[in-house]
Amino acid sequence: MRKPLVAGNWKMNGTSAKNVLLLDGILAQKDKFSSVNVAIFPPAVYLHQVQMALQSSGLSWGTQNLSQFRQGAYTGEISAAMLKDFGCKYVLIGHSERRCLYAELDLDQLVLDHIVADKIDMALTEGVTPIICIGESPEEHAKGQTEEVIARLMDIVINQSGVKALAQTVLAYEPVWAIGTGKSATPEWAQEVHSFMRERVAKHDRATAESLQILYGGSVKGDNAAPLFSMPDIDGGLVGGASLDADEFVKICQAACS
Ligand code: PGA
């Protein structure tokens, strides 16, 4: 039985004062979602604040990215060892906003997939669980290339790290056309893609596939979470905008309680 996970990606939002209110609002209601794993992903500068607030709460935390390098002259980067130092249980890897908006922009998608695989290896060496974001762009969606895009990254990760390593990870299907648009994928569409992802792993190792958590991300809200999470291969959500409102986020966490 896979325990659901709800991850709140704050992206580049928050201030010290606002974070206190948001975290207090979530923690005050944590009895409502005790059967679900919950993790918060603040901007890295607030990691210590979040760690202090959550350390004896049963909730987890992590960062929104990490370096593929171990340490050294990489200005502005954060290493896997640093995440461990701050008690991070998870790290988001390969989020489409990193792919589309940053240095990552100039690179070919295939090169990017290899960088994602290097970051996954780096997180795993420090015992931090990668949440690997995968999803097709609106153009790829229109061309019917969803499975191709997903299979490309999954195969690179399986070839590089081995299928057993996937048992130490979480996958997140994040169709780029659904992120921040208010237009979530339908539960049926997401289920079909999640099932494709699980089958891709099962071809190598059925036990790993069965235990693998696969989250859905893209405009998850309090009122559409339950039908998404009721699908057999959807094991929780990666939530952006709605994670900035305590009541809305708690509603999503409750929807993941079976
Ligand atoms: P959204 O973002 O919930 O605001 O669509 C999801 C994500 O980017 O992880």
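Quick look at the site of the ligand
- Residues in contact with the ligand amount to 13 residues; listed here are only the nearest, K11, H95, E174, G180 and S219.
- Contact distances for the ligand include 2.7 Å between an oxygen atom and a side-chain N or O atom of H95.
- Its residues assigned to classes, the shell around the ligand shows four nonpolar, seven polar and two charged.

Remarks on helix α5 (residues 109-125)
- For α5, which comprises 17 residues, the first-to-last C-alpha distance of 25 Å matches the rise-based estimate of 24 Å (1.5 Å per residue) to within 8%.
- Buried within α5 we find L112, D113, I115, V116, A117, K119, I120, M122 and A123.
- Count one or two residues on from α5 and you reach G127, which has phi positive near 75°.

Regarding unusual backbone geometry
- Its identity as a non-glycine residue notwithstanding, K11 has a phi of 50°, on the positive side.
- Structurally, the position occupied by K11 is in the loop between β1 (5-9) and α1 (16-27).
- For S219, which is not a glycine, the phi torsion comes out positive at approximately 60°.

Rules used in this analysis
Each chain carries its own residue numbering, running from 1 in the direction its sequence is written. For a predicted model such as this one, the threshold for reporting local features is a pLDDT of at least 70, and the threshold for listing and counting side-chain atom pairs is 80 or more; totals across whole chains, interfaces and linings nevertheless cover every residue. To get the side-chain values, all heavy atoms of the structure are used, and hydrogens and water are removed first. Throughout, near means a residue has at least one heavy atom within 4 Å of the molecule or strand. Polar contact is defined as a pair of N or O atoms within 3.5 Å, subject to the rule that within protein one atom must be able to donate a hydrogen and the other to accept it, and that residues adjacent in sequence are counted only when both atoms are side-chain atoms. As a working rule, the residues Ala, Val, Leu, Ile, Met, Phe, Trp, Tyr, Cys and Pro are called nonpolar, Asp, Glu, Lys and Arg charged, and the rest polar, with Gly in that last group. Starting at the N terminus, helices and strands are each numbered in turn, a helix being any DSSP run of H or I of at least four residues and a strand any DSSP run of E of at least two. Expected span, for any helix, means 1.5 Å times one less than how many residues it has. Under the scheme applied here, a residue whose accessible area is under 20% of the maximum for its type counts as buried, over 50% as exposed, and between as partly exposed, the area being computed with a 1.4 Å probe on protein chains only.

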